[in-house]
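# Tertiary structure, described
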Amino acid sequence: MSLPQEQFDELLQRTALASLFYYPEIAVDDADYNIEKDLTYCLEPVSGLDADDLNELRAVVGRVIANPSAHRAELIELVIGLAPGPSAE
């Protein structure tokens, strides 16, 4: 299954926003914080992926939220791999 451009764009925007507001001490400083909420928010626009692809995407998004500089290329590579192939015209 592939990830349409609109879903790709929304996923990246939401992941970038979540990573901007993440800081390592948040789990200690804010008892209400749960990264699962951020992951659910980021993946909300994504539909149509099989369970394995979705689980892999969820894991990568979590790593990007926690450390964008170290993992952003991994996310881009994964999403490009999930992109639909060129359409025959």
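Please refer to the structure higher up on the page.
Residues numbered from 1 in each chain as written. Predicted model: local features only at pLDDT ≥ 70, side-chain atom pairs only at ≥ 80, totals over all residues. Heavy atoms only, no water.

### Considering the overall build of the protein chain
Selection criterion: Only runs of H or I of at least four residues qualify as helices and only runs of E of at least two qualify as strands under DSSP, and these elements are numbered from the N terminus. Only protein chains enter the calculation, and the probe is 1.4 Å; a residue is then buried if its accessible area is under 20% of its type maximum, exposed if over 50%, and partly exposed in between. Whether two residues are in contact is decided by their heavy atoms, any of which lying within 4.5 Å being enough. The method behind every accessible area is Shrake-Rupley, applied with a 1.4 Å probe, and residues are considered shielded solely by the protein chains displayed. Charged residues are defined narrowly, with Lys and Arg counted positive, Asp and Glu counted negative, and His plus the chain ends left uncounted. Just so you know, the charge point we use is NZ for Lys, CZ for Arg, CG for Asp and CD for Glu.
Assigned secondary structure in the protein chain consists of five helices and zero strands. Its C-alpha atoms put the protein chain at 55 × 25 × 20 Å along the principal axes. For the protein chain, with 89 residues in total, the buried portion stands at 30%. A sequence separation of at least 24 residues applies to 62% of the contacts in the protein chain between residues at least 6 apart. About 5700 Å² of surface is accessible on the protein chain, with carbon and sulfur atoms providing 54% of the total. With 5 positive and 17 negative side-chain charges, the protein chain shows a spacing of 4 Å between the two charge centroids.

### With respect to the packing of helix H4 (residues 51–66) against helix H5 (residues 68–82)
We count it as follows: Angles shown run from 0 to 180 degrees and are taken between the N-to-C directions of axes, each axis being a line fitted to C-alpha atoms and, for helices, limited to the stretch in contact. Geometric relationships in this document are graded by angle, where less than 35 degrees denotes roughly parallel, more than 145 denotes roughly antiparallel, 65 to 115 denotes roughly perpendicular, and other angles denote oblique. Handedness of a helix crossing follows the sense of rotation of the near helix relative to the far helix, less than a right angle counterclockwise being left-handed and clockwise being right-handed. We call Asp, Glu, Lys and Arg charged. Ala, Val, Leu, Ile, Met, Phe, Trp, Tyr, Cys and Pro are nonpolar, and the rest, Gly among them, are polar.
Remark: H4 packs on H5, axes separated minimally by 7 Å, with the N-to-C direction vectors making an angle of 155 degrees. Considered as vectors, H4 and H5 are oriented roughly antiparallel to each other. Once H4 is placed against H5, the crossing between them reads as left-handed. In contact with Asp53, Glu56, Leu57, Val60, Val61, Arg63, Val64, Ile65 and Ala66 of H4, H5 contributes Pro68, His71, Arg72, Glu74, Leu75, Leu78, Val79 and Leu82. Taken together, the residues of the contact of H4 with H5 break down into eleven nonpolar, one polar and five charged.

### Describing the side chain of Asp38
Convention followed: One speaks of a salt bridge when a side-chain nitrogen belonging to Lys or Arg is within 4 Å of a carboxyl oxygen belonging to Asp or Glu. Polar contacts, as used here, are pairs of N or O atoms within 3.5 Å; protein pairs need one atom able to donate a hydrogen and one able to accept it. Residues neighboring in sequence count only if both atoms are side-chain atoms.
In this fold, Asp38 is placed in helix H3 (residues 35–43). No salt bridge is formed by the buried Asp38; the nearest opposite charge belongs to Lys37, separated by 8.5 Å. At 2.8 Å, the side chain of Asp38 and the side chain of Tyr33 are in polar contact. Ignoring any residue separated from it by four or fewer positions in sequence, one finds Asp38 in contact with Ala18, Tyr33 and Ile65.

### As for the packing of helix H1 (residues 5–21) against H5
Describing two packed helices takes the angle between their axes plus the distance from one axis to the other. Contact pair H1 / H5: the axes reach a minimum separation of 12 Å and the direction vectors enclose 170 degrees. Here H5 runs roughly antiparallel to H1, going by the angle between their axes. Listed contacts from H5 to Phe8, Leu11, Leu12, Thr15 and Ser19 of H1 are Pro68, Leu75, Ile76 and Val79. Residue composition of the contact of H1 with H5, grouped by class: seven nonpolar, two polar and no charged.

This is a description of form; function is not addressed.
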